[in-house]
Structure formats: C-alpha cells, structure tokens
Amino acid sequence: MKNIAVFASGNGSNFQAIVDARTRGTFKARLKLLVCDNPDAYVLKRAVKAKIKAFIVDRRDFLSKKDFEEQIIKKLKSEKIDLIVLAGFMRIVSAHFVKQYRNKILNIHPSLLPAFKGAHAIGDAFISGAKVTGVTVHFVDEMMDHGPIILQEIVKIKETDTKESLEARIHAVEHAVYPKAIKLFLDNRLRIRKAKVILRRG
Ligand code: GRF
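Residues numbered from 1 in each chain as written. Predicted model: local features only at pLDDT ≥ 70, side-chain atom pairs only at ≥ 80, totals over all residues. Heavy atoms only, no water.

(A) Structural view of the environment of Leu113. If you trace the backbone, Leu113 turns up in the loop between strand E5 (105-109) and helix H5 (121-128). A sequence separation of 16 residues divides Leu113 from Phe97, and the C-alpha atoms of the two residues are 22 Å apart. Those residues in contact with Leu113 that sit more than four places away from it in its chain are Thr136, His138, Asp145, Ile149 and Gln152. (Helix = DSSP H or I, 4+ residues; strand = E, 2+ residues; numbered from the N terminus. Contact = heavy atoms within 4.5 Å.)

Have a look at this one:
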C-alpha cells in the first residue's frame, strides 16, 4: 500500500475531505503524515482527531528555504512517502524539491487553470465578471499553479453570488474532486505525455 503525505498550512478542509474519503474507502492508501508549516493551523487539530502524525516545520526556524525543505525531504524519505498531496500549503516548493518527487506531487487550485493563478483565485474570478470558474487538480512542476492537469470541474458564477457563496461552492467541489484524483493516481491510471495527462482505462 502506498504512503501519502498531505501538506497544509491553515484550515485543512481538504485534508479533512481526504481523511473522510479514505475512511469511506474511496481510495486505499496510508495517510502517513501531515506536513504543516504553521504551528497555529487548525489542520493540526484535525490531524490529532484523525490520529495522523503531524510534522510541523516552521520556516522561521531555518536559515534558508533550502534547509527548510531538506528537513521536510528527510522526513518524507524516512516515512517512505510515495505521494505528496498539497492541500492549501501556502508555500511554493522549489525546483529542487520537485526534482526529488517528480510527478508524485499533486496540488489543488480553486480556479480553472491557467486562469486565476495565485493565492486570491476565488476573489479574482468573482470580480472579473467571468461566468464560470472551478477547481483544478494538477501535478506540480517548477512553476506556480502549473503542471499537467489531472481533473477540472466547472463552478458557475451566479448573478446572486457573493464571494462567500461562491467560495463555499468551490470548496464543496474541491472536497469531491481531490479524493477522485488521488484514487486515479493510486490506481496508476495517470500517464503524462507532452505535458498532458492521459487517463488510462481502469
Ligand atoms: C483551497 O481552496 C485550495 O484549493 C487552495 O487552498 C485552499 C485550502 O483550503 N490551494 P483548506 O485549508 O483545505 O480548507
């Protein structure tokens, strides 16, 4: 069975959705580790409740980003992690980090990439006048919010929406989509060809 590490920095509703999906049997893997860079994050409480080991690494305790990441990589190696799931991890992983886990890092982003990259994707889509936005799960490469796209789901932006109501619908879609993408990875259904993900038949 494969070992998963989830990386999160804040609330951790996606972490929770992944924990719940595993409990329901949506996918089979060990949720071995939560990596968290924020000692005050609510996700840490969720990890205690789910009995998942948390590894807290505070960037302020390290002189450089490289040292910070090396500490994480060491832990991932010792836990024999096969898949890294970024779920609201508010740091950009370096090219060096990506190289260590090439095509084994997933990220979820609350827009239809390549539109609305960055930390304010939902608000940016809301004020843009776009009629649709959505959710993207993708492999992580060296660029921010970039890499071969695994799954996307559309979320309509209604005239009656507030930023908050849109946000709530996007999060609900995220919670359904991420476990699906994780399952596709674990079932070995994903092939990358010329920066595109080809879905193998199950
Ligand atoms: C999600 O919207 C995710 O797409 C983005 O960060 C947010 C994390 O939310 N990368 P949560 O901590 O999982 O509740």
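What follows picks up the thread again.
(B) Layout of the site of the ligand. Inspection of the region around the ligand gives Asn11, Gly12, Ser13, Asn14, Gly88, Ile108, His109, Pro110, His171 and Glu174 as its neighbouring residues. Between an oxygen atom of the ligand and a side-chain N or O atom of Asn11, the distance comes to 3.4 Å. In this structure, Ile108 approaches the ligand through a main-chain N or O atom, which is 3.1 Å from a nitrogen atom. Out of a free accessible area of 370 Å², the ligand has 85% covered by protein chains. At the level of secondary structure, the elements contributing two or more residues to the shell around the ligand comprise helix H1 (13-24), E5 and helix H6 (163-186). Residues belonging to the shell around the ligand are distributed by class as follows: two nonpolar, seven polar and one charged. (Near = heavy atom within 4 Å. Polar contact = N/O pair within 3.5 Å; in protein donor to acceptor, adjacent residues only side chain to side chain. Areas by Shrake-Rupley, 256 points an atom, 1.4 Å probe, with all protein chains shown as cover. Nonpolar A, V, L, I, M, F, W, Y, C, P; charged D, E, K, R; others polar.)

(C) Local environment of the nonpolar core. Ile4, Ile150, Tyr178 and Ile182 are the most contacted members of the largest nonpolar core, which totals 41 residues. Ranked by residue count, the leading element in this core is H6, at nine residues. With near-sequence residues (within four places) excluded, Tyr178 lies in contact with Asn14, Ile18, Val85, Leu86, Ala87, Leu106, Asn107, Ile108 and Val137. Counting 21 residues, the second-largest nonpolar core is a separate cluster that includes Phe55, Ile72, Leu86 and Tyr101. (Core = buried A, V, L, I, M, F, W, Y, C linked by side-chain atoms within 4.5 Å. Buried < 20%, exposed > 50% of the residue type's maximum accessible area, 1.4 Å probe, protein only.)

(D) How the structure looks around the packing of aromatic side chains. Taken as a whole and judged by the stated rule, the model has five aromatic pairs. Between Phe7 and Phe89, the ring centres sit 5.1 Å apart and the planes meet at 80 degrees, which makes this aromatic pair edge-to-face. Here Phe89 lies in the loop between strand E4 (83-86) and helix H4 (95-100) and Phe7 lies in strand E1 (residues 3-8), a separation of 82 residues in the sequence. Exposure class is identical for Phe7 and Phe89. Each is buried. Ring geometry for Phe7 versus Phe97: centroids 6.1 Å apart, planes at 70 degrees, classification edge-to-face. (Phe/Tyr/Trp six-rings, centres within 6.5 Å; stacked < 30°, edge-to-face > 60°.)

(E) Just the pattern of salt bridges, in detail. Following the criterion strictly, the structure yields eight salt bridges and no others. With a closest N to O distance of 2.5 Å, Glu79 and Lys53 form a salt bridge. Separated by 26 residues along the polypeptide, Glu79 in the loop between helix H3 (65-78) and E4 and Lys53 in strand E3 (residues 53-56) bring together distant segments of the chain. Since its relative accessible area comes to 7%, Glu79 is described here as buried. (Salt bridge = Lys/Arg side-chain N within 4 Å of Asp/Glu carboxyl O.)

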